[in-house]
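# Structural overview for review
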Amino acid sequence: QEMMTSDEWTRAVFVREPKQRILSTFMEMFVDKRFFADRCCDEHFEDNEWEQLYCWSRLLSADFTYFLNRTLDCPDPHWTPQSDAI
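Let us look at the structure shown here.

Broken down by element type, the protein chain carries 5 helices and 0 strands. The C-alpha atoms of the protein chain give a radius of gyration of 17 Å, which is well past the 12 Å a tight globule of 86 residues would have. Across its three principal axes, the protein chain shows a C-alpha extent of roughly 55 × 25 × 20 Å. Expressed as a percentage of the 86 residues in the protein chain, the buried residues total 27%. Restricting to contacts in the protein chain with at least 6 residues of sequence separation, those with at least 24 account for 58%. Side-chain charges in the protein chain split into 9 positive and 17 negative, and the spacing between the mean points of these groups amounts to 6 Å.

The structure is reproduced here in structure tokens:
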């Protein structure tokens, strides 16, 4: 703890380039895997079947704009800005 708060220590943070990070997340979590569907379609819209179906349709069409919009209301460490962790 002292290291993180002391003026005697130098701290550095290394983060990935944001465009590369979001594209990588899109390809891995939205296009290739069920992670997004389970987390953001089924769980997030569990009380709204129409939204669930629409979310799945956007998932199947690999809609990048839809993915970006859902990252705003379906938070997850995979796409949350790294600055939030600092």
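Now that the structure has been shown, the text picks up again.
Moving on to helix α2 (residues 18-31). Taking 1.5 Å of rise per residue, 14 residues should cover 20 Å, and α2 covers 18 Å from first to last C-alpha, within 8% of that figure. Every buried residue belonging to α2 is among R21, I22, T25, F26, M29 and F30, and all of these are buried. Buried residues along α2 cover an arc of 135° about the axis, so they all sit on one side. Elements in contact with the buried residues of α2: α3 (35-43), α4 (49-60) and α5 (64-73). Two or three places before K19, at the start of α2, stands the capping residue E17, its side-chain oxygen 3.1 Å from that residue's backbone nitrogen.

What follows concerns the packing of α3 against α4. With their axes 8 Å apart at the nearest point, α3 and α4 run at an angle of 155° to one another. When the axis of α3 is compared with that of α4, the two are roughly antiparallel. The handedness of the crossing between α3 and α4 comes out as right-handed. Note on element contacts: α4 touches α3 through Q52, C55, W56 and L59, opposite F36, A37, C40, C41 and D42. Residue composition of the contact of α3 with α4, grouped by class: 7 nonpolar, 1 polar and 1 charged.

Conventions we followed
Residues numbered from 1 in each chain as written. Predicted model: local features only at pLDDT ≥ 70, side-chain atom pairs only at ≥ 80, totals over all residues. Heavy atoms only, no water. Helix = DSSP H or I, 4+ residues; strand = E, 2+ residues; numbered from the N terminus. Rg over C-alpha atoms; globule rule 2.2 N^0.38 Å. Buried < 20%, exposed > 50% of the residue type's maximum accessible area, 1.4 Å probe, protein only. Contact = heavy atoms within 4.5 Å. Lys, Arg positive; Asp, Glu negative; His and termini not counted. Charge placed at Lys NZ, Arg CZ, Asp CG, Glu CD. Expected span 1.5 Å × (residues − 1). Arc of directions from axis to C-beta. Polar contact = N/O pair within 3.5 Å; in protein donor to acceptor, adjacent residues only side chain to side chain. Axes fitted to C-alpha atoms, helices over the stretch in contact; angles between N-to-C directions. Parallel < 35°, antiparallel > 145°, perpendicular 65-115°, else oblique. Left-handed = near helix turned anticlockwise from the far one by under 90°. Nonpolar A, V, L, I, M, F, W, Y, C, P; charged D, E, K, R; others polar.

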